[in-house]
Each structure stands twice: as C-alpha cells, then as structure tokens.
Amino acid sequence: MKYKSVFDIIGPVMIGPSSSHTAGAARIGRVARSLFEREPKWVDVHLYGSFAETYKGHGTDVAIIGGILDFDTFDERIKTSLELAEQRGIKVVFHVEEAIPEHPNTAKVRVGDEDGELELVGISIGGGKIEITELNGFQLKLSGHHPAILVVHNDRFGAIAKVSNVLAKYEINIGHMEVSRKEKGKLALMTIEVDQNIEEKILKEIEALDGMEKVTRIVE
C-alpha cells in the first residue's frame, strides 16, 4: 500500500481516542455546517453500525456536534461541544439506529432552522478520512478533504459545460467531478472537487448561469 503523506499512517491531529470515531465524525459534522452555511437551530444525528455501538465512549457525539459548531479536529472545545451547543440554543437529538449500514461508521446528520434544512449521510473510512455519500437525497461521493463546489441545477443539456467553462476561465483545475439526479429532467447535483479554494465572485458567476439553482462550497 502506498501512502500520500505521513498523516495517512499516524492519523490526523485530533481530540479524542479514535481517528475514525472522533476525527472522522468531526469532519462529517463540519461538512454539514459548511454546506448549511450558518449555525443551525436544531440538529438530528442518526448513528449506525459501530458509531451507534460506541458513540459515547469514543466521543462520536461530541465530535459531530463540534464539527457542526465549526471546530476543527484538534480544537479543545470539541470536548464540551454538547454544552456549548445548549448554551447557544441549539437543540441536539441523537438516534441510535439498528439498521445495518453499508459501512460500519455511518452517520446521517440533519441540521436546520426557520429558513431551511439540510440532510447528509457521511461515513468515516479510517485515519480521519470521510466520504459524504448522500446530500438531500442525491447520491454522491465527496471526500470533504479538498475544496469543492456543489451546484444544484436543472437537468438540462449543457449545464456541465457551462460550469466547466467558468472554472477554466479562472484556471481552476478539477480533481473529481460527478453528477447525480433523482429524476430525469428535474433537479441534479453537480459535485466538483478542485485544487484551490473558490472565491465568492466565482460562485456568484456560476449561480448566475441559466439553469443554476444553488451553489455552495467547501473550503480547505
């Protein structure tokens, strides 16, 4: 097996006993916060498999909420994230699920407020690495370890080319790209991982394209 860096071997700098159950969980929560683009008023967390069995002992609960509060894996505040969420008026509920997931470390995270909500499914694959496998019902594969943009758009001919042309204009290299749709001709989700953080003006330029509904980003 080849490793890209020493951190693939020793794991991430983190708070907690487990890179999978703590660091990975924090990153799942932080992706949810990033895509929701603000602090939510309520959080529902559904835990599956190994997450469900050991979430308190391994700190998965405080890690996910710490991520939703926008704490990085090494932030000492993760230890008290449940208390901090309560102080901020965020209602947090955990659900231990008996269903057997495809991956043993699986969490479904729902966040929301009076203006909207977001739901994602994330898995922790080891060494602090994660994958987001579902977002608001769209199937996808998002690592959460690279800058990315997510574009909800009408499922029409030329949509992918329009977005690609804007990124090419600003010399932004695409590392991974995929498109998911629930139904032909309806809404689709374009997931694009790139090599650099995307500036706000570029997001607005993409969102202004014909057929685009919403554009969000994940920064490194």
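The name given to the protein chain in an unreviewed UniProt entry is L-serine deaminase, with Niallia taxi as the source organism. The UniProt entry for the protein chain carries this comment under Pathway (unreviewed entry): "Carbohydrate biosynthesis; gluconeogenesis."

A.B. asks: How would you sum up the sheet that holds strand β2 (residues 91-96)? Please name residues and give values.
C.D. replies: The sheet built from six strands is open, its strands ordered β2-β1-β3-β4-β5-β6 with mixed pairing. Each edge of the sheet is formed by a strand with only one pairing partner; in this case those strands are β2 and β6 (138-142). In this sheet, neighbouring strand axes are inclined to one another by 20° on average, regardless of whether the strands run parallel or antiparallel. Contacting β1 (42-48), β2 and β3 (105-113), helix α4 (residues 60-68) crosses the sheet at an angle of about 140° to β1.

A.B. asks: How would you summarise the side chain of D61 if you had to cite specific residues and measurements?
C.D. replies: Position of D61 relative to the elements: it lies in helix α4. One buried charged side chain, D61, makes no salt bridge at all; its nearest oppositely charged neighbour is K56, positioned 6.2 Å away. In this view, D61 contacts Y55, K56, L82 and F94; residues no more than four positions away in its chain are not counted.

A.B. asks: Hey, could you go over unusual backbone geometry for me, with residue numbers and the actual values?
C.D. replies: In this structure, N136 is a non-glycine residue whose phi angle is positive, near 50°. Relative to the assigned elements, N136 resides in the loop between β5 (129-135) and β6. The backbone of E171 shows a phi angle near 55°, a positive value even though the residue is not glycine. Along the chain, E171 turns up in the loop between α6 (159-169) and β8 (174-181). The exposure class assigned to E171 is exposed, which follows from its relative accessible area of 70%.

A.B. asks: Please set out the pattern of salt bridges residue by residue, giving values where relevant.
C.D. replies: Within this structure, the stated rule accounts for 17 salt bridges. Its salt-bridge partner being R181, residue D155 comes within 2.7 Å of it at the nearest N-O pair. In this pair, D155 is assigned in the loop between β7 (148-154) and α6 and R181 in strand β8, connecting sequence segments 26 residues apart. Among the residues examined, D155 registers a relative accessible area of 19% and is labelled buried.

A.B. asks: Tell me about the nonpolar core, and name the residues and values.
C.D. replies: With 39 residues, the main nonpolar core has V109 and L120 as its most contacted residues. No other element matches the seven residues that helix α2 (residues 19-36) contributes to this core. Both domains that meet at this core, namely domain 1 (13-136) and domain 2 (148-218), each give it at least three residues. If sequence neighbours within four positions are ignored, V109 has contacts with I28, A32, V43, D44, I64, I68, L118, E119 and L120.

A.B. asks: Talk me through the domain arrangement of the protein chain; I want residue IDs and the actual numbers.
C.D. replies: Looking at the protein chain, the domain boundaries give domain 1 (13-136) and domain 2 (148-218). The centre of domain 1, based on its C-alpha atoms, is set 26 Å off from the matching centre of domain 2. Taken residue by residue, the interface counts six residues in domain 1 and eight residues in domain 2. Carbon and sulfur atoms supply 59% of the area buried between domain 1 and domain 2, which totals about 500 Å² over both sides. Applying the counting criterion to the domain 1 and domain 2 interface returns one salt bridge. Note that K214 and E37 form a salt bridge whose closest N and O atoms lie 3.3 Å from each other. Connecting domain 1 to domain 2 are three residue pairs in polar contact (both at pLDDT 80 or more). No other element matches α2, which puts three residues into the side of domain 1 that touches domain 2. Class assignment of the residues belonging to the side of domain 1 that touches domain 2 gives a composition of three nonpolar, two polar and one charged.

Conventions and cut-offs
Throughout, a residue's number is its position along its own chain's written sequence, starting from 1. Reporting in this predicted model follows two pLDDT cut-offs: at least 70 for local features of residues, and 80 or more for side-chain atom pairs to be given and counted; totals over whole chains, interfaces and linings ignore these cut-offs and use all residues. Side-chain calculation: all heavy atoms of the structure are included, whereas hydrogens and water are not. UniProt positions are given in the numbering used here, feature names are shortened, and annotations may be inferred rather than shown by experiment. Think of it this way: DSSP has to see at least two bridges between two strands before they count as a pair. By the criteria applied, helices consist of DSSP H or I runs no shorter than four residues and strands consist of E runs no shorter than two, each listed in order from the N terminus. A fitted line through C-alpha atoms represents every axis, and for helices the fit uses only the stretch in contact; the resulting angles, taken between N-to-C directions, go from 0 to 180 degrees. Whether two residues are in contact is decided by their heavy atoms: any pair within 4.5 Å suffices. Partly exposed describes any residue whose relative accessible area lies between the buried limit of under 20% and the exposed limit of over 50%, with all areas from a 1.4 Å probe on protein chains only and scaled to the type maximum. Note that His is not counted, nor are the chain ends; the positive residues are Lys and Arg, and the negative ones are Asp and Glu. We define a salt bridge as a contact between a side-chain nitrogen of Lys or Arg and a carboxyl oxygen of Asp or Glu at a distance within 4 Å. For our purposes a nonpolar core is just a set of buried Ala, Val, Leu, Ile, Met, Phe, Trp, Tyr and Cys residues, chained together by side-chain atoms within 4.5 Å. Residue ranges for the domains trace back to a domain assignment, done automatically or taken from a database. Defined in terms of a 1.4 Å probe, buried area is the accessible area two parts forfeit on being brought together, summed over both. Any pair of N or O atoms that falls within 3.5 Å is considered a polar contact. Within protein, one atom must be able to donate a hydrogen and the other to accept it, and sequence-neighbouring residues count only if both atoms are side-chain atoms. Amino acids are sorted into nonpolar (Ala, Val, Leu, Ile, Met, Phe, Trp, Tyr, Cys and Pro), charged (Asp, Glu, Lys and Arg) and polar (every other residue, Gly among them).

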